[in-house]
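Residues per chain, in single letters:
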Amino acid sequence: MPTFPLMLSLLLLFLLSTEAAFGVGLGLGLGIGGGTTGGGGGGVWVGGGVNPSNSPPQQQEAPPQSQQQPPSPPSPSLSKSYTALQAWKSAITEDPNGVLTTWVGPNVCNYKGVFCSNGDNYNGDYSYNSPVFSSVSAIDLNHANLKGILVKELTLLTELSLLHLNSNRFSGTIPQNFKDFLYLTELDLSNNQFSGTFPNPTLYMPSLMYLDIRFNNFYGAIPDDLFTKQLDAIFINNNQFDGQLPQNLGNSPASVINLSNNKFSGGIPASLGFVNSAIKEILFLNNQLSGCIPENLGLFSDITVLDLSFNSLMGHLPDSLSCLEDIQVLNLAHNKLSGELPDLVCSLKNLLNLSIEYNFFSGYSQKCTNLFMRSIGFDISLNCIPGKGMQRPPPECYGIPGTDSDSCFRIPSGKPLVCGSLLDLILGNIPLSP
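Just so you know, these numbers come straight off a predicted model, no measurement behind them.

(A) Spatial organisation of the pairing of strand E14 (residues 263-266). Residues Phe264 and Gly266 line the buried face of E14, whereas the alternating positions Lys263 and Ser265 sit on a face that is not buried. Sheet topology note: the strand E12 (residues 240-244)/E14 ladder contains three bridges and is parallel. Residue pairing across strands places glutamine 244 opposite serine 265, the latter belonging to E14.

Structure follows, in structure tokens:
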């Protein structure tokens, strides 16, 4: 039939012109041969364009990585964390070690120094998409050498329990809203350039147990509330704090207190002996403390390290020091203490180091001589001990500081009270001798 090839061609043109009406991937194969033997031919794919290889159409290529949208944080808490950390990053002006180069995008759990967790559901999976990552729980940027300030937006990290920033160059003051850190247990801001008065927001952090603000430029008096707060460690040394120490110092539940290298003046609070203190180590060295060592110091104490060196303490050593049964380091050097070093001190069984150099002691007992044979550090230089080398010139020993003051000059009894007797006397179990 002569009209059949023409009709077939018209049908083909019609189909090609209406290919949009077919679904993607719909194919129609037509073969058009020449001559009576057929052969030859081509395939036409309707809706997928022309594909001479008879294969399915290729999918559209994905946009370049730079054009893709970044993933959203997996929780609202991490979204707030992103806001907080980016605000802080903007306030950091120097980052010589490139620590903050990883602080890009909402994936805050991959930021260097930032740690995420969900303690209730933690299963050991540290991948960002893990469902256990619901919040930022810790920041540890120790020794990062960052320069900048702290920003108030950091309190958006509502689940933060640890903030360690020691050995950087942060300056300024501590934002007042840091008191809103409800779960912060450890705060280490040591070895920076912070300034201002004592950072009071730390007193209102209900979970704080470890406070370290040493080696900064804080100044002024320290508040009484510091020693009623439930802290286990207090490091405020190497600042510019001054004034008298709060009288409730001995009430602190802390096991370690370091007050050294400040400008504290006045006497040592008597509360260190009158309460059953939890303090194990306490350091007063290199301040401007004066007066006597409290008569009751050590009565109810388990102190292992007591450093009173480099002050202006004077008078004789109290018998109550014999109660320091656990003491290992007793440093009394560089004061104005006088009298004879008693057996009660030299007999302390756990003593590893006893430093009394640069005082006005006039002698020591036979038991103190035994310290040399026990390989215990025992430095007696620059005192007023006759017949011993490396002592003060005699003129310096004529006017012993404190001997003209009733408050610090005490003549020891012929038979010093040992610890047990002192406790009975304090508690009223034995009468005072006439």
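The rest of the description comes next.
(B) Main features of the sheet that holds strand E9 (residues 210-212). In spatial order, the strands read E2-E3-E5-E7-E9-E11-E13-E15-E17-E19-E21-E23; together these 12 strands make up an open sheet with mixed pairing. The open sheet has two free edges, formed respectively by strand E2 (114-117) and strand E23 (377-379), since each of these has just one partner strand. Here the average twist between neighbouring strands, direction ignored, is 10 degrees. Relative to strand E11 (residues 233-235), E9 is paired through three bridges, and the arrangement is parallel. Following the sheet pairing, aspartate 212 is matched in E11 by phenylalanine 235.

(C) Spatial organisation of the UniProt feature "domain: Leucine-rich repeat-containing N-terminal plant-type" (unreviewed entry) in the protein. The UniProt entry lists residues 82-117 under the feature "domain: Leucine-rich repeat-containing N-terminal plant-type" (unreviewed entry), expressed in the numbering used here. Taken end to end, residues 82-117 is 25% helix and 19% strand, and its two terminal C-alpha atoms sit 15 Å from one another.

(D) The arrangement of the pattern of salt bridges in detail. Within this structure, the stated rule accounts for six salt bridges. The closest approach of N and O atoms between arginine 169 and glutamate 94, which form a salt bridge, is 2.8 Å. Taken as a pair, arginine 169 in strand E6 (residues 169-172) and glutamate 94 in strand E1 (residues 92-94) lie far apart in primary sequence, 75 residues in all. Overall, the relative accessible area of 33% leaves glutamate 94 in the partly exposed class. Lysine 280 serves as the salt-bridge partner of aspartate 302, at 3.7 Å between the closest nitrogen and oxygen.

(E) Local environment of unusual backbone geometry. Unusually for a residue other than glycine, asparagine 261 sits at a positive phi of about 55 degrees. The partly exposed category is assigned to asparagine 261, whose relative accessible area is 24%.

(F) View of the sheet that holds strand E16 (residues 288-291). Across the sheet, which stays open at both edges, the 11 strands sit in the order E1-E4-E6-E8-E10-E12-E14-E16-E18-E20-E22 with mixed pairing between neighbours. Among the strands making up the open sheet, the edge pair consists of E1 and strand E22 (360-364). Strand-to-strand twist across the sheet, computed as the mean angle between neighbouring axes with direction ignored, equals 20 degrees. Across three bridges, strand E4 (residues 147-149) lies against E6 in parallel orientation. Its bridge partner lying in E6, isoleucine 149 is registered against serine 171.

(G) Spatial organisation of the environment of serine 365. Along the polypeptide, serine 365 turns up in the loop between E22 and helix H5 (366-373). Judged by relative accessible area, which is 11%, serine 365 ranks as buried. Taking the C-alpha atoms as reference points, serine 365 and glutamate 340, 25 residues apart in sequence, are found 7.6 Å from one another. The contacts of serine 365, once residues within four sequence positions are left out, are Glu340, Leu341, Pro342 and Asp343.

(H) Examining the nonpolar core more closely. Membership of the largest hydrophobic core comes to 88 residues, with the highest contact counts inside it found for Trp88, Leu226, Ile236, Phe284, Leu306, Leu341 and Leu354. Here this core gets four residues from one element, more than from any other, and that element is helix H2 (residues 76-90). For leucine 306, the residues in contact, after removing those within four places along its chain, are Ile282, Phe284, Leu297, Leu324, Ile327, Val329, Leu330 and Asn331.

(I) Fine view of H2. For H2, with 15 residues, the first-to-last C-alpha span of 22 Å sits near the 21 Å given by 1.5 Å per residue. Residues of H2 that are buried include every one of Leu78, Ser81, Ala84, Leu85 and Trp88, and no others. All buried residues of H2 lie within an arc of 115 degrees about the axis, which places them on one face of the element. Exposed side of H2, more than 90 degrees from the buried face: Pro76 and Ser90 are the residues found there.

Cut-offs used in this document
Residues numbered from 1 in each chain as written. Predicted model: local features only at pLDDT ≥ 70, side-chain atom pairs only at ≥ 80, totals over all residues. Heavy atoms only, no water. Buried < 20%, exposed > 50% of the residue type's maximum accessible area, 1.4 Å probe, protein only. Helix = DSSP H or I, 4+ residues; strand = E, 2+ residues; numbered from the N terminus. Pairing = 2+ DSSP bridges. Axes fitted to C-alpha atoms, helices over the stretch in contact; angles between N-to-C directions. UniProt positions renumbered as here; feature names shortened; annotations may be inferred. Salt bridge = Lys/Arg side-chain N within 4 Å of Asp/Glu carboxyl O. Contact = heavy atoms within 4.5 Å. Core = buried A, V, L, I, M, F, W, Y, C linked by side-chain atoms within 4.5 Å. Expected span 1.5 Å × (residues − 1). Arc of directions from axis to C-beta.

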